[in-house]
Amino acid sequence: MEVAKTIKSVRKLVKAACAKGKKIGFVPTMGALHIGHVSLIEAAVQQTDFVVVSIFVNPTQFGPTEDFEKYPRPFDDDLEICRKKGIAVVFAPTPEDIYPSENLTWVNVEKLTEPLCGQFRPGHFRGVTTVCAKLFNIVAPDIAFFGQKDAQQAIVIKRMVADLNMPLEIVICPTIREPDGLAVSSRNQYLTEKQRKDATLIYKSLQKCREMIEAGVTDTQEIIGQIRKILNQIPSAKIEYVSIVNAETLENLDQAAGKVLAAVAVKIGSTRLIDNILVDAD
Ligand code: AMP
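Okay, so let's go over this structure. (Residues numbered from 1 in each chain as written. Predicted model: local features only at pLDDT ≥ 70, side-chain atom pairs only at ≥ 80, totals over all residues. Heavy atoms only, no water.)

1. Things to note about the site of the ligand
Within the structure, the ligand sits among 17 residues, and M30, H37, D150, I176 and V184 are positioned closest to it. Within the contact set of the ligand, an oxygen atom lies 2.9 Å away from a backbone nitrogen or oxygen of M30. Across the complex, the protein chains shield 92% of the 480 Å² of accessible surface that the ligand would expose by itself. Among the secondary structure elements, those contributing two or more residues to the shell around the ligand are β2 (24-29), α2 (35-47) and β5 (143-147). Among the elements that line the shell around the ligand, the one with the most residues is α2, at three residues. Looking at side-chain class alone, the shell around the ligand contains eight nonpolar, seven polar and two charged residues. (Near = heavy atom within 4 Å. Polar contact = N/O pair within 3.5 Å; in protein donor to acceptor, adjacent residues only side chain to side chain. Areas by Shrake-Rupley, 256 points an atom, 1.4 Å probe, with all protein chains shown as cover. Helix = DSSP H or I, 4+ residues; strand = E, 2+ residues; numbered from the N terminus. Nonpolar A, V, L, I, M, F, W, Y, C, P; charged D, E, K, R; others polar.)

What follows is the structure in structure tokens.
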């Protein structure tokens, strides 16, 4: 496995693999790799011939009061995971490599970035789409792999690729959960033991939502009320949003119908957690 620290070196390695006719897979991450990331890596290893994993904590997607500085960076452990999984290249640039001077060119996906997390993290998606556009230009993959855990991000990236005719395919992989249902996240390690236990209510609230829709309840306000009731059992929780939206357009639904995305964001203490489920309401 190669560790490429510069844009020039990763381009050279990918170019050589392309010349041998290899299909390039790409998994962009911020590191602190866990079984969620590993599931994307395994999909990439299965579906392509030469896999690049990027490890880059992207400053432009963090707000000024968010956890950029304290975001975990266990780089050696991450390399070990990638080595074991048969990755060809880990690309680990510095912020100065990716943003050598004031960045004046931004990619902004409209509408889809407004609801859900967009309301609470101004500028976040602009940072995500811009860094992904840069990384796609640097790595030039045939397929890039993203997680359903970040449902809005996945939809936004897919739309950017379609709207800008970027020559790659986006594959979305299912959310990986802990045995008790909590979606695996690098941020779960911020939780105290008690908060970690309470956090299981997030997925429980989404399961309740699934049950209600499957039982024929369509009034989304009624469903949202039940989700909130469960989340409010977490003493230190501050609910950012509970939304039931069209899974493609992310528009709010009064009545659950078609492919529905139920998404929540909750702050437990100072740790912000998100989760979602897809439900077929027909
Ligand atoms: P991050 O390092 O948090 O930027 O995540 C990198 C990629 O891993 C993103 O595409 C995430 O959606 C995906 N990911 C993070 N957690 C999970 C999970 N629990 N299950 C599946 N994919 C995940």
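2. Focus on the packing of aromatic side chains
In total, this model carries five aromatic pairs according to the counting rule given. Seen in terms of ring centroids, F26 and F136 are 6.3 Å apart; in terms of plane orientation they differ by 80°. Their pairing is edge-to-face. Of this pair, F26 sits in strand β2 while F136 sits in helix α6 (residues 124-139), placing them 110 residues apart in sequence. Pair check on accessibility: F26 and F136 agree, each one buried. Between the aromatic rings of F62 and F68, the centroid separation amounts to 5.4 Å while the plane-to-plane angle is 65°, which identifies the pairing as edge-to-face. Taken together, the ring pairs connect F26, F136 and F146 into an aromatic cluster. (Phe/Tyr/Trp six-rings, centres within 6.5 Å; stacked < 30°, edge-to-face > 60°. Buried < 20%, exposed > 50% of the residue type's maximum accessible area, 1.4 Å probe, protein only.)

3. Some thoughts on helix α7 (residues 151-163)
Since there are 3.6 residues in each turn of an α-helix, residues three or four apart along the chain are aligned in direction. An ideal rise of 1.5 Å per residue puts 18 Å on 13 residues; α7 measures up with 18 Å between its terminal C-alpha atoms. Among all positions in α7, only A151, Q152, Q153, A154, I155, V156, I157, M160 and V161 are buried. Residues of α7 that are buried in the fold lie against α5 (117-120), α6, β5, β6 (169-173), β8 (259-268) and β9 (271-280). Note on α7: the residue one or two positions beyond its end, N165, has a positive phi of about 50°. (Expected span 1.5 Å × (residues − 1). Contact = heavy atoms within 4.5 Å.)

4. Structural notes on the sheet that holds β8
Taken together, three strands build an open sheet; the order of strands is β7-β8-β9 and the sheet is antiparallel. Edge positions in the sheet fall to β7 (237-246) and β9, since each has one partner strand and no second. Going from strand to strand, the sheet's axes swing by 10° on average, the running direction of each strand aside. With nine bridges connecting them, β7 and β8 associate as antiparallel partners. (Pairing = 2+ DSSP bridges. Axes fitted to C-alpha atoms, helices over the stretch in contact; angles between N-to-C directions.)

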